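# Descriptive structure summary
Chain by chain, the residues:
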Amino acid sequence: MSLDSAFESPQAKRQYVRKLFATIADRYDLITAVLSYGQDARWKKTLVSIADIRPGERALDLAAGTGDIAFAVAARGAKTIGLDITHRMLQLARLRSSGASARQALKDSHVEFITGDMTSLPFRSGAFDLVTTGYGLRNVPDLNTAIDEIARVLKPGGRLLSLDFNRPENAIVRAVYLAYLTVVGSTLGWILHRDPDTYRYIPASIRRYPGARGVADRIAARGFDHVTVIPLLFGLMSLHLADLPTEAPRAKVERSR
Ligand SMILES: C[S@@+](CC[C@H](N)C(=O)[O-])C[C@H]1O[C@@H](n2cnc3c(N)ncnc32)[C@H](O)[C@@H]1O
């Protein structure tokens, strides 16, 4: 499937993304460190530190990949599930249990990994206090469905934290940024996989993404409160925070009378 046809339908995107991450899984950690100039670990640390995690909480890390965020959340005492659509990414996450904090979290069964699709979560409603995701929302086949699923599995008052690229609003900044990512991505894709499209997916997905403000609007429109965007790296990246109301929205209360 070509890169352009990957965005033709939710099914095509799901299929493309799953194949892409299965291909790059074994080099994912290295590539992420290189492409973010080593900043990725710092951004994830920020996400976890502002998540206000209390021991015993139930957490779900979506698009968990090789487990960076899931392990860090579990290390703060939350019972954590990492879910990802790419089986190989989760195999690598489990292998990382040789690290000290990961080993402790696994030993106390504070973290487990499940293969699944974040637009159709295999959990009961209201099961989690916290949902995190790193570079998850940009990759889903349908953004609104993913946000609805997150809202469904969170308890009233539950928190969502998401880290992802932004789509710069300024047309010139956006053009330069996407051109830069296209050149770097094509080169890396050619060197590592003999396929320039492999990492060109990143700028292609950003181009079709609503950006930090657009994502915040969608999160708010789907019932979350206190939706906050924290810009990172001069606004090229962003963190979203939001929480569900502690009580059912008025319209729902009235309907249930
Ligand atoms: C860029 S990686 C991020 C991994 C990890 N969260 C991190 O921050 O390092 C994106 C991940 O999203 C996963 N993914 C893509 N679409 C998904 C979906 N519909 N449901 C669950 N995971 C998905 C991919 O398999 C991949 O592991």
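Scope of this entry: the structure provided in the associated data block. (Residues numbered from 1 in each chain as written. Predicted model: local features only at pLDDT ≥ 70, side-chain atom pairs only at ≥ 80, totals over all residues. Heavy atoms only, no water.)

The next subject is the overall build of the protein. Counting its regular elements, the protein contains 11 helices and seven strands. Its C-alpha atoms give the protein a radius of gyration of 18 Å, near enough to 18 Å, the size a compact globule of 257 residues would have. With the principal axes as the frame, the protein shows a C-alpha extent of 60 × 45 × 35 Å. Every one of the 257 residues in the protein was classed for burial, and the buried ones make up 49%. Of the contacts formed within the protein by residues at least 6 apart in sequence, a portion of 69% connects residues at least 24 apart. When the accessible surface of the protein is split by element, carbon and sulfur atoms take 55% of a total near 12,400 Å². Seen as two clouds, the 35 positive and the 26 negative side-chain charges of the protein have centres 2 Å apart. (Helix = DSSP H or I, 4+ residues; strand = E, 2+ residues; numbered from the N terminus. Rg over C-alpha atoms; globule rule 2.2 N^0.38 Å. Buried < 20%, exposed > 50% of the residue type's maximum accessible area, 1.4 Å probe, protein only. Contact = heavy atoms within 4.5 Å. Areas by Shrake-Rupley, 256 points an atom, 1.4 Å probe, with all protein chains shown as cover. Lys, Arg positive; Asp, Glu negative; His and termini not counted. Charge placed at Lys NZ, Arg CZ, Asp CG, Glu CD.)

Time to look at the pattern of salt bridges. One side chain can pair with another of opposite charge once the charged atoms of both are near each other. One pass over the structure, following the stated rule, counts 14 salt bridges. Of the charged contacts in the structure, one is a salt bridge between D26 and R88, with a shortest N-O distance of 2.6 Å. A residue pair is termed long-range when its members are at least 10 positions apart, and D26 in the loop between α1 (10-24) and α2 (28-35) and R88 in helix α5 (residues 87-95) qualify at 62 residues. Classification of D26 by relative accessible area gives exposed; the value is 53%. Taking the relative accessible area as the measure of exposure, R88 reaches 27% and is therefore partly exposed. One salt bridge connects D164 with R138, and the closest N-O pair in it is separated by 2.7 Å. Here D164 is found in strand β5 (residues 154-165), whereas its partner R138 is found in the loop between β4 (128-134) and α7 (143-153), with 26 residues between them in sequence. Residue classification places D164 among the buried residues on the basis of a relative accessible area of 1%. Here the salt bridges do not stand alone but share partners, grouping D40, K44, D68 and R96 into one network. (Salt bridge = Lys/Arg side-chain N within 4 Å of Asp/Glu carboxyl O.)

Here we come to the sheet that holds strand β6 (residues 225-232). Sheets are built from strands paired through backbone hydrogen bonds, the pairs being either parallel or antiparallel. The strand order β3-β2-β1-β4-β5-β7-β6 describes an open sheet built from seven strands, whose pairing is mixed. Unpaired on one side and paired on the other, β3 (111-115) and β6 mark the two borders of the sheet. Across the sheet, the mean angle separating the axes of adjacent strands is 15° when strand polarity is ignored. Inspection of the sheet shows β4 paired to β5 by six bridges, in the parallel sense. Each residue of the ladder has a partner; that of G134, found in β5, is L163. Those strands touched by helix α3 (residues 40-49) are β4, β5, β6 and β7 (237-243), and its axis lies near 165° from that of β5. Its contacts with the sheet put α7 on β1 (58-62), β4 and β5, and the angle it makes with β5 is roughly 145°. (Pairing = 2+ DSSP bridges. Axes fitted to C-alpha atoms, helices over the stretch in contact; angles between N-to-C directions.)

With that out of the way, let us pick up the site of the ligand. The local shell around the ligand holds 18 residues, among which K44, A63, D84, T86 and G134 are the closest. In the environment of the ligand, an oxygen atom lies 2.5 Å from a nitrogen or oxygen atom belonging to the side chain of T86. The backbone of M118 places a nitrogen or oxygen atom 2.9 Å from a nitrogen atom of the ligand. Contact with the protein chains hides 97% of the accessible area of the ligand, taken as 600 Å² for the molecule alone. Tallied by class, residues from the shell around the ligand come to 10 nonpolar, five polar and three charged. (Near = heavy atom within 4 Å. Polar contact = N/O pair within 3.5 Å; in protein donor to acceptor, adjacent residues only side chain to side chain. Nonpolar A, V, L, I, M, F, W, Y, C, P; charged D, E, K, R; others polar.)

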